[in-house]
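Residues per chain, in single letters:
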Amino acid sequence: MLTDSDIDQLLTLAIPEAQARETLLQLAPEQVDRPLLDRFVERMSRHCVPVPPPEGPVIDCCGTGGSGQSHYNTSTTVAFVLAAGGVPVVKFGNRAISSKSGSFDFLDGLGLSAQFPVEPSMDLLAEANLAFLYAPQCYPALGALNQLRRTLGKRTLFNFLGPLLNPVKPAYRLLGVSNSHMQALMAAHLSGRQENRCAWVVRGGDTLDELTCHGVSTLYHVADDQVVQSVMEHQYGGELHPYGEDLTVSINLKIFEDLVEARDSDSVYHRMVCLNAGAAFVVTQKVFSLEEGVGLAADLFRTGEVKNTLNKCRRAYASYTG
């Protein structure tokens, strides 16, 4: 069993690389249990740089990745929808590892640089109802380990820890997890977090780290120290891959533009964003039914409020970067 000292030495690569590699390969997702997950989150959180706390409760909407599929940046778009709907969002994320368009690759394409400094991030939240925290800036001490992880060619526990490391400790979460075993563990972990008011930990189909509008989704509702599992099913009758399955950053930016300009109100991308945003509106008690939340998300696109929020973010970023 790994001791706390063993974990600390692994995190900072204070052991030989061959030993670190061997330890990482032993941390396959299916071999992880709740106590080990809890301990890794606790030890890793000690390496976070100081991040200003938000003035009130916020939500994070993010996924673990790892589906092996190239897909649209649903959760990042959801963040803009939530902010437009009056829900404060602090989204924590990274660049792509297995896909072609990670959240911060996508944000760079929107003109919202990943290199924006951490210190004024909560000022952005006050101005635009939305702030983004780039994982390597928040956890610079883990950079060497992350480089080693990328050479493994196999998923480990570390591929799933990211969403649990948001420095502001969100009271609300819409958390997508691409692995069924890790989904259950991460829901159990959040049930023990004092700051958690409500979270939906979701998986679409077998491996999608978000709710899906074309099939069955598995949901863990975490609130009041309780975890309740359920399933939901949605059937979208339109074309599932109108841009093909190889979604690059540039293609995703085109999809986003069509959404915020209200040129697209019926594609699978629109449906997926509205479904997941609707779920997040329920989590934060902005609405009290998924149907109402989906309708609110669609209205925010139609009325231009999502576009307005994007423009607020761009102005706020520009004011700090010159």
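See the structure printed just above.
Residues numbered from 1 in each chain as written. Predicted model: local features only at pLDDT ≥ 70, side-chain atom pairs only at ≥ 80, totals over all residues. Heavy atoms only, no water.

A. Layout of the overall build of the protein chain. If you tally the helices and strands in the protein chain, you get 14 helices and 7 strands. Relative to the 2.2 N^0.38 estimate, which gives 20 Å for 322 residues, the radius of gyration of the protein chain is 19 Å and therefore close to what a compact globule would have. Each of the three principal axes of the protein chain carries a C-alpha extent, and together these read 55 × 45 × 40 Å. Sorting the 322 residues of the protein chain into buried and exposed places 53% on the buried side. Nonlocal contacts in the protein chain, meaning residues at least 24 apart in sequence, comprise 72% of its contacts between residues at least 6 apart. When the 26 positive and 35 negative side-chain charges of the protein chain are each reduced to one mean point, those points stand 3 Å apart. (Helix = DSSP H or I, 4+ residues; strand = E, 2+ residues; numbered from the N terminus. Rg over C-alpha atoms; globule rule 2.2 N^0.38 Å. Buried < 20%, exposed > 50% of the residue type's maximum accessible area, 1.4 Å probe, protein only. Contact = heavy atoms within 4.5 Å. Lys, Arg positive; Asp, Glu negative; His and termini not counted. Charge placed at Lys NZ, Arg CZ, Asp CG, Glu CD.)

B. Layout of the nonpolar core. The biggest cluster of nonpolar side chains holds 65 residues, and the ones touching the most others in it are Tyr72, Phe80, Val81, Leu82, Leu110, Phe132 and Trp200. Ignoring anything within four residues of it in the chain, the contact list for Phe132 reads Thr76, Ala79, Phe80, Lys91, Phe104, Leu107, Leu112 and Tyr317. Counting 48 residues, the second-largest nonpolar core is a separate cluster that includes Ile15, Leu148, Phe158 and Val177. (Core = buried A, V, L, I, M, F, W, Y, C linked by side-chain atoms within 4.5 Å.)

C. A look at helix 3 (residues 34–45). Over its 12 residues, helix 3 runs 17 Å from end to end, which matches the ideal 16 Å to within 8%, given 1.5 Å per residue. If you check which residues of helix 3 are buried, you get Leu36, Leu37, Phe40, Val41, Arg43 and Met44. Contacts from the buried residues of helix 3 go to helix 1 (4–11), helix 9 (158–161) and helix 10 (180–191). One side-chain oxygen at the N-terminal end of helix 3 lies 3.0 Å from the backbone nitrogen of Leu36; it belongs to Asp33. (Expected span 1.5 Å × (residues − 1). Polar contact = N/O pair within 3.5 Å; in protein donor to acceptor, adjacent residues only side chain to side chain.)

D. Focus on empty space enclosed by the protein. Summed over the entire model, instances satisfying the criterion amount to 2 cavities of 30 Å³ or more. Of the voids in this model, the largest cavity is the one considered here, and its volume is about 60 Å³. The wall of the largest cavity is formed by Phe104, Ser113, Ala114, Phe116, Pro117, Val118, Ser121, Phe132, Leu133, Tyr134, Gln137 and Tyr317. Tallied by class, residues from the lining of the largest cavity come to 9 nonpolar, 3 polar and no charged. In this structure, the second largest cavity encloses a volume near 60 Å³. Together, Cys61, Cys62, Thr74, Ser75, Val78, Leu174, Gly176, Val202, Asp209, Glu210 and Asn276 line the second largest cavity. Residue assignment for the lining of the second largest cavity shows that the elements contributing at least two residues are strand 1 (59–63), helix 4 (74–84) and strand 4 (172–176). Among the elements that take part in the lining of the second largest cavity, helix 4 stands out by supplying 3 residues, more than any other. Looking at side-chain class alone, the lining of the second largest cavity contains 5 nonpolar, 4 polar and 2 charged residues. (1 Å grid on protein atoms, 1.4 Å probe; cavity = no way out; pocket = protein on both sides within 12 Å on 5 of 7 lines; lining within 4 Å. Points joined across faces, edges and corners; volume = space filled by probe spheres on them. Nonpolar A, V, L, I, M, F, W, Y, C, P; charged D, E, K, R; others polar.)

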